[in-house]
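# Observations on the model geometry
Take a look at the letters that make up each chain.
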Amino acid sequence: MRALKNLSRDKLASLSLFIIAAIVILGLFAPVFAPHDPNHVDMKLRYAGSSWAYWFGNDHLGRCILSRLIYGIRPSILWVLAALLASVGVGAAVGFLAGYFRGKTDAILMRICDIMLSFPGYVMTLAVVGILGAGLENILIAFVAMKWAWFARVIRTSVQQYAEMDYVKFSKAAGISNRRIILKHIVPVTFSDIAVIASGSMCSMILQISGLSFLGLGIKAPHAEWGMMLNEAREVMFSHPELMLAPGLAIVIAVSAFNFLADGLQVALDPKRMNSGKQPRVTEVEKPNVEYA
Amino acid sequence: MLNMLEVNHLRVWDANEGKEIIRDSSFRLKPQTCLAIVGESGSGKSLTCRSIIRLHKPWIRQSGEILFKGENLNQLSVKEMRRRRGKQIGMIMQNGMGAFDPSSVVGVHFQETLKGHFGWSKSQVETAMKKAMESVMLNHPIETMNKYPYQLSGGMLQRLMIALTLVLSPDIVIADEPTTALDTISQYEVVEQFIQLRERMGGSMIFVSHDLGVVKKIADEVLVMRNGVIVESGSVEEVLSAPRHPYTQYLVSTRLELSSHFNEIMRGE
Amino acid sequence: MGSYIAKRLLLSVPILLMISFLTFLLINLSPMDPAEVVLRAQEVPEITEELIAKTREELGLNQPFLKQYADWVMACLQLDFGESYVTGQSVWSLISPAFLNTLKLTLVSSIIIIVMSVILGVVCALNEGNMLDRSVRGVSFFLTAMPSYWLASIMIWYFSVRLDLLPTSGMDSYRSYILPVTVISVSYVGIYFRNVRSSMLGQLHEDYVVYGRACGLPERKITKHILRNSLQVAVSIFCMAIPIILGSTVVIENVFAWPGLGRLSVKSILSRDFPVIQAYVLILAVAFVLFNTLSDMINAAFNPKLRKEI
């Protein structure tokens, strides 16, 4: 795809993509990659520093930190990614319907979105968690419920732009079914906008969800999760501050990678910049396209 | 004074892309004449105007001699250049809607400009602008001055700029495609206003346009530009009736085709 | 302008009603029976069916849903949010001091965030592309990628434990403000200054700047016009920022043991104290809607075009 080629030119974005892919693979195949059982408690190894057997050392219960990090990818990154995709999916469906059909459909759907958006996100997430109880699934449900409206709004704006283009009008006039038009013509172009928005949101979602876990509202012990690992590390912060290093850095690296990826995608997928690598500057001179006879 | 403005070997280039836009431009503006600059989009017409008042985008650079009343404008300090802008060299922009600050009423711009140049009080500014606005056929001047740019039409905004120019009375007025963004009727009205502006102020004017019809009406001399180079210059009659350069011939003939076809239809042939 | 304000305020009433209704509805969807929560909190040794039924009666949970809702709304308007299931205290007496503390933290942080964002944004816009601009953006990038609680913990460890300069927690003196405010500010300044910067960059090359200069306006005036247009965007962002900061102090309060709403909310979530959760959500939602309206009004004041639309 042209997009990937453009992206590969941006070294930072390529590196980020590589890191993210590595993280995802590590997470998916955690049992293969993790050197030890993440929940195996060994009190003799409490607070042990890094060693050949345990590369990142051991935590306050003697568990292998590296293994816990790797297994922690699943709730901290993979499940968040799933929630993001669900959220974007719902939002996109609503956004496409609203932006394409406009009129009454648009008005009703956007009213619903406005109502959803007038709730403060974080607060409502807490409310949902408060009602359903703590736990990773509940947090993710809360997030999907809150975020879809935002995606719907943004995607709808994007769809509106493209739906007004002439080629769509021609398709409609030619009698092609609405479903085909949406799938064949509109989805591919809005895909780039959606990709940029989604990767950007991923950053805040990772931070917020790990934040909730940090507060103890997320996954239950003894499962590994980066936010919760930081919580546990904080309890022994005064005596063993080094335990905070690994999970914190993991989060920073993951969030930064998604951030760079989002920036890179935006530049690579922007149709205006597709043909030039540099940012175009405005000059008055354009190549002559009419030769006088 | 021989020439109001003398431009010698003007060179304009894009420092970011290292591309030269205007190669080696030289022309004269005689006192009390109107010089038109014509050409297609991208020929460098607007950049030439911007070079005279030295207001480019930050990555555009210029070199050469621009003699105005004996002084080389290119060598003046920024501060001194600012003093000449508005009062001695005035400019009228193409897009009236964008020319005024969208967050203030247009009256504010007049107040600030005239206070800055002449030190007038609020009421003095109002009186002067009222008179000028009435002479450019803007009714309800006080009301208009209290409106925001988005509430006024393109034609009205152009006339506001002309009114301000009347009050400032600069020696040179540079009009950068003032009628391009207007509909035909407004175009006609605004061109009439420009002709009157010339008569009333008696100074020189540089009028940029790509419309040969307007040029024929208002200008005395004309420069034809293409890709940053002046390909032909001379009086309007010479250039438009007997063009020498192939490009000018092409421009004129295309225009002629349109109007001759129109005349044929009107005559019923 | 007056009619616009009136219209906007009127519009917020149905939204507030809807929020209160949804909040009430949500609570009642909980899988846990509130009666059971109360009984557990009171450490009743044996919870029988009768006891639960009796408690439900006492709490008024058997009445028709809409009546419960109407009663609740009426009570809320009188600032009576019921009693905590866990401690039995009136919810208002629990929430109001906490709210005040959170408000203090939020206001101090907001002021610093606004000031720093504008300064950094303007400076970076005027220095576009050079070392200063790029280094500020680089540093802010990493600071915003950090989870705030991580940054907070590191700062506590360094400033309180190693250097013993600042208190580790609590809200005792003005010095307790320094660390939490810094952590909150760092996260948000990093985001908002970029908005100010790009808004200003967009204005620097606008036509009205060229025309103003062409007419010979002094630079001061031109800068004034540029700022007016750039800050318009910034102001509306900041207005919305305040309730967002208000809501997200949750994590910081817990790290610094700040006796505010955030800490209270987490406690009540973990103990399923529904009346407190309800009141918390309602209060913050109301603040959110109010600030939203305020932000729209400020926007309209700056940009007269918007006054026509609602």
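The written sequence of each chain sets the order in which its residues are numbered from 1. Lettering of chains starts at A and numbering of ligands starts at 1, both following the order in which they are written. In view of the model being predicted, local features appear only for residues whose pLDDT reaches at least 70, and side-chain atom pairs are presented and counted only at 80 or more, with totals across whole chains, interfaces and linings using the full set of residues.

### A closer look at the overall build of chain B
For chain B, the helix and strand inventory stands at 11 helices and 10 strands. In summary, chain B has a C-alpha radius of gyration of 19 Å against a globular reference of 18 Å for 269 residues, a match within 12%. In terms of principal-axis extent, the alpha carbons of chain B reach across some 55 × 55 × 40 Å. Relative to its full complement of 269 residues, chain B shows a buried share of 42%. Sequence-distant contacts, at least 24 apart, represent 67% of the contacts inside chain B between residues at least 6 apart. Helix numbering and strand numbering both begin at the N terminus, where a helix is a DSSP run of H or I of at least 4 residues and a strand a DSSP run of E of at least 2. Here the globule rule reads 2.2 Å times residues to the power 0.38, and the radius of gyration is calculated from C-alpha atoms. Here a residue counts as buried when 20 or more other C-beta atoms sit within 10 Å of its C-beta, as exposed when there are 12 or fewer, and as partly exposed otherwise, the C-beta atoms being derived from the backbone. Residues are treated as contacting if the C-beta atoms built from their backbones sit within 7 Å of each other.

### Things to note about the nonpolar core
The biggest cluster of nonpolar side chains holds 228 residues, and the ones touching the most others in it are A:Ile206, B:Ala163, B:Ile174 and B:Ile206. Take this core: its biggest share by element is 15 residues, from helix α4 (residues 65-101) of chain A. Beyond its immediate stretch of four places on either side in the chain, A:Ile206 contacts A:Ser76, A:Ile77, A:Val80, A:Ile251, A:Ala254 and A:Val255. A set of buried residues drawn from Ala, Val, Leu, Ile, Met, Phe, Trp, Tyr and Cys, joined through C-beta atoms within 7 Å, is what defines a nonpolar core.

### Considerations on the sheet that holds strand β8 (residues 204-209) of chain B
Residue and element names in this part refer to chain B. A pair of strands is treated as paired once DSSP finds two or more bridges between them. In space, the 6 strands of this open sheet follow the order β6-β7-β8-β3-β9-β10, with mixed pairing throughout. The open sheet has two free edges, formed respectively by β6 (89-92) and β10 (229-235), since each of these has just one partner strand. Across the sheet, the mean angle from the axis of one strand to that of its neighbour is 15 degrees, orientation sign disregarded. For strand β3 (residues 34-38) and β8, the ladder comprises 5 bridges, and the chain directions are parallel. Note that in β8 the partner of isoleucine 37 across the bridge is valine 208. The strands that helix α7 (residues 154-168) touches are β6 and β7 (172-176); relative to β6, the one it contacts most, it runs at about 170 degrees. Orientation is described by lines fitted to C-alpha atoms, with helices fitted over the stretch in contact, and by angles between N-to-C directions that extend from 0 to 180 degrees.

### Quick word on the sheet that holds strand β4 (residues 60-68) of chain B
Residue and element names in this part refer to chain B. Strands sit in the order β2-β1-β4-β5 across an open sheet of 4 strands; the sheet is antiparallel. Two strands bound the open sheet, and with one partner strand each, they are β2 (19-29) and β5 (71-72). Of the strand pairs in this sheet, strand β1 (residues 5-14) and β4 are connected by 8 bridges, and their pairing is antiparallel. Bridge pairing links asparagine 8 to glutamate 65 in β4. Relative to the sheet, helix α1 (residues 45-53) contacts β1, β2 and β4, its axis offset from that of β2 by approximately 70 degrees.

### Notes on the confidence of the model for chain C
A score from 0 to 100, pLDDT tells how confident the predictor is in each residue. When pLDDT is averaged across chain C, the result is 80; 96% of the residues are at 70 or more. Taking the mean pLDDT of every element in chain C, the minimum, 72, falls on helix α2 (residues 34-41) of chain C and the maximum, 91, on helix α9 (residues 207-214) of chain C.

### Considering the interface of chain C and chain A
If you look at the interface, chain C gives 35 residues, while chain A gives 32 residues. Elements represented by at least two residues in the side of chain C that touches chain A include exactly α1 (2-28), α6 (131-145), α7 (148-162), α10 (219-256), α11 (261-270) and α12 (274-302) of chain C. Ranked by residues supplied to the side of chain C that touches chain A, first place goes to α12(C) with 7 residues. All amino acids are sorted into three groups, where Ala, Val, Leu, Ile, Met, Phe, Trp, Tyr, Cys and Pro are nonpolar, Asp, Glu, Lys and Arg are charged, and the leftover types, Gly among them, are polar. Residues of the side of chain C that touches chain A, tallied by class, amount to 27 nonpolar, 8 polar and no charged.

### Some words on the pairing of β10(B)
Residues and elements named next belong to chain B. When strand β9 (residues 221-226) meets β10, the two strands line up antiparallel, connected through 6 bridges. Bridge pairing in β10 places leucine 223 opposite serine 233. Counting the residues in the hairpin turn of β9 and β10 gives 2 residues, including asparagine 227, whose phi is positive at 50 degrees.

### Examining helix α8 (residues 175-204) of chain C
Note that an α-helix has 3.6 residues per turn; residues three or four places apart therefore point the same way. To estimate the expected span of a helix, count its residues, drop one, and scale the result by 1.5 Å. Its 30 residues give α8(C) an end-to-end C-alpha distance of 41 Å, which sits within 8% of 44 Å, the value for a rise of 1.5 Å per residue. By definition, a residue's bend is the angle between the axes fitted to the seven residues ending there and the seven starting there. The axis of α8(C) is deflected most strongly, by about 35 degrees, at C:Val189.

### A look at the environment of C:Ser236
Residue and element names in this part refer to chain C. Residue placement: serine 236 occurs in helix α10. The class of serine 236 is buried, set by 21 C-beta atoms lying within 10 Å. The spatial distance from the C-alpha of serine 236 to the C-alpha of isoleucine 27 is 32 Å, given a sequence separation of 209 residues. Beyond its immediate chain neighbours, meaning those up to four positions away, serine 236 contacts Ser295, Ile298 and Asn299.

### Considering the pairing of β6(B)
For a regular strand, side chains alternate in direction, first toward one face of the sheet and then toward the other. Residues and elements named next belong to chain B. What you see with β6 is no split at all: Ile89 and Met91 on one side and Gly90 and Ile92 on the other are buried throughout. Pairing between β6 and β7: 4 bridges, direction parallel. Paired with isoleucine 89 across the bridge in β7 is isoleucine 172.

### Notes on helix α11 (residues 246-267) of chain B
All names here are of chain B. End to end, α11 covers 30 Å across 22 residues, agreeing with the expected 32 Å (1.5 Å per residue, within 8%). In terms of residue burial, α11 counts as a barely covered element, since only 2 of its 22 residues are buried. Positive backbone phi, approximately 85 degrees, marks glycine 268, located one or two places after α11.

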